[in-house]
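In case you want the letters, here they are:
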Amino acid sequence: MKTKKSLITKAGFNFAFDEDACSSCRGKCCCGQTGYVWLSSYDIDKIVLFLKTNFVDFKEKFLRKKGNKFALKEKDNPTENGFECIFFDSIKMECSIYEARPAQCKEYPFWQEFKKDITFLFKECPGVTLLK
């Protein structure tokens, strides 16, 4: 739910998110520690369509499999920003598939792990403010 122009809150979270901060952030949520951006079959279909490719090529170039799930690959070599998502444009400092980004990316910063500990989130995301 939006409470101000671009201040977003979500039930169960003790912080708000100002989506306007993304323009000044330069992709901190797309870089850093290694991790997993999990994809649903819907996410995969949406990105395949956006890239005008097919599943076989998409899987080979952009996905890694962990168990029975798929996640986006990271770029091979970490930069000064850490590991970067395969779709992070390090020249423009933004997501190159933003319109088709996975649900996990759309839900950021409202991830379950941040209900318990927001210390890392406050260091990473300039758009997060603690609710009173």
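In this numbering scheme, every chain counts its residues from 1 along its sequence in written order. Selection of residues for local features in this predicted model requires a pLDDT of at least 70, selection of side-chain atom pairs for listing and counting requires 80 or more, and totals for whole chains, interfaces and linings are taken over all residues. The basis for every side-chain value is the complete set of heavy atoms in the structure, and neither hydrogens nor water enter the calculation.

Enquirer: I tried to follow the overall build of the chain on my own but got confused; where do I start?
Expert: A run of H or I in DSSP becomes a helix once it reaches four residues, and a run of E becomes a strand once it reaches two; helices and strands are each numbered from the N terminus. Summing up its helical and strand segments, the chain has 6 helices and 10 strands in all. This radius of gyration counts C-alpha atoms alone. The globule rule is 2.2 Å times how many residues there are, raised to the power 0.38. Taken against the 2.2 N^0.38 rule, which gives 14 Å for 132 residues, the C-alpha radius of gyration of the chain at 15 Å falls within 12% of a compact globule. For the C-alpha atoms alone, the extent of the chain along its principal axes is close to 50 × 30 × 30 Å. Relative to its full complement of 132 residues, the chain shows a buried share of 36%. When checking whether two residues touch, look at their non-hydrogen atoms; a contact exists if any pair is within 4.5 Å. Pairs at least 24 residues apart make up 54% of the contacts formed inside the chain by residues separated by at least 6 positions. Think of it in three bands: residues with accessible area under 20% of the maximum for their type are buried, residues over 50% are exposed, and the middle band is partly exposed, with areas taken using a 1.4 Å probe on protein chains only.

Enquirer: Mind showing me how you'd approach the side chain of Glu-74 here?
Expert: Looking at the secondary structure, you find Glu-74 in the loop between strand S6 (69-72) and strand S7 (83-84). Positive charges come from Lys and Arg alone, negative charges from Asp and Glu alone, with His and the N- and C-terminal ends not counted. A side-chain nitrogen of Lys or Arg and a carboxyl oxygen of Asp or Glu constitute a salt bridge if their distance falls within 4 Å. The buried charged residue Glu-74 lacks any salt bridge, with Arg-64 as its nearest oppositely charged partner at 4.0 Å. Counting of polar contacts relies on pairs of N or O atoms within 3.5 Å, with two restrictions inside protein: one atom must be capable of donating a hydrogen and the other of accepting it, and residues adjacent in sequence are counted only when both atoms are side-chain atoms. A polar atom in the side chain of Glu-74 sits 2.7 Å from the side chain of Thr-34. In terms of polar contacts, Glu-74 uses its side chain to reach the backbone amide nitrogen of Gly-35, at 3.0 Å.

Enquirer: What should I look at first to understand the packing of aromatic side chains in this one?
Expert: Aromatic ring pairs are reported here in terms of the distance separating the ring centres and the angle at which the planes meet. Classification of ring pairs uses Phe, Tyr and Trp, with its six-membered ring standing for Trp, and accepts pairs whose centres are within 6.5 Å; under 30 degrees between planes counts as stacked, over 60 as edge-to-face, and the remaining range as tilted. If you walk through the whole model with that rule in mind, you get 10 aromatic pairs. Seen from their ring centres, Trp-111 and Phe-114 are 5.8 Å apart, and the 10° between their planes marks the pair as stacked. Pairwise contacts between aromatic rings join Phe-13, Phe-15 and Phe-110 into one cluster. Stacked on the ring of Tyr-98, the Lys or Arg Arg-101 has its end atom at 3.8 Å from the ring centre. Ring-over charges, as used throughout, are those where CZ of Arg or NZ of Lys falls within 6 Å of the ring centre and within 35 degrees of the ring normal. In this structure, Lys-115 is placed above the aromatic ring of Phe-13, and the distance from its NZ or CZ to the ring centre is 5.1 Å.

Enquirer: I would appreciate a short explanation of the sheet that holds strand S5 (residues 63-66) in the present structure.
Expert: Strand pairing in a sheet relies on backbone hydrogen bonds, with the paired strands running either antiparallel or parallel. Judged by pairing direction, the sheet is antiparallel, and its 3 strands sit side by side in the order S4-S6-S5 without closing on themselves. A single partner strand is all that each edge strand has here, and the edge strands are strand S4 (38-39) and S5. As defined by bridge partners, S5 adjoins S6 across 4 bridges and the pair is classed as antiparallel. Within S6, the position partnered with Leu-63 by the bridge is Leu-72. For every element, the axis is a line fit to its C-alpha atoms; helices are fit only across the contacting stretch, and the angle between N-to-C directions ranges from 0 to 180 degrees. Taken strand by strand, helix H3 (residues 55-62) contacts S4, S5 and S6, and its axis lies near 80° from that of S5. Whether two strands pair depends on DSSP finding at least two bridges between them.

Enquirer: Any chance you could explain the environment of Pro-78 here in plain terms?
Expert: Looking at the element boundaries, Pro-78 is found in the loop between S6 and S7. Look at Pro-78 and you get partly exposed, because its relative accessible area is 46%. Between the alpha carbons of Pro-78 and Phe-62 there is a distance of 16 Å; along the sequence they are 16 residues apart.

Enquirer: Got a minute to help me understand the nonpolar core in this structure?
Expert: Side chains that are nonpolar tend, in soluble globular proteins, to be buried together. Put simply, buried Ala, Val, Leu, Ile, Met, Phe, Trp, Tyr and Cys residues joined by side-chain atoms within 4.5 Å make one nonpolar core. Among the nonpolar cores identified, the biggest contains 17 residues, and Leu-39, Ile-44, Ile-47, Phe-58, Leu-63, Leu-72 and Phe-87 are the most heavily contacted of them. With 3 residues, helix H2 (residues 41-51) is the single largest residue contributor to this core. By size, the runner-up hydrophobic cluster in this structure holds 11 residues, among which are Ile-8, Phe-114, Cys-125 and Val-128.

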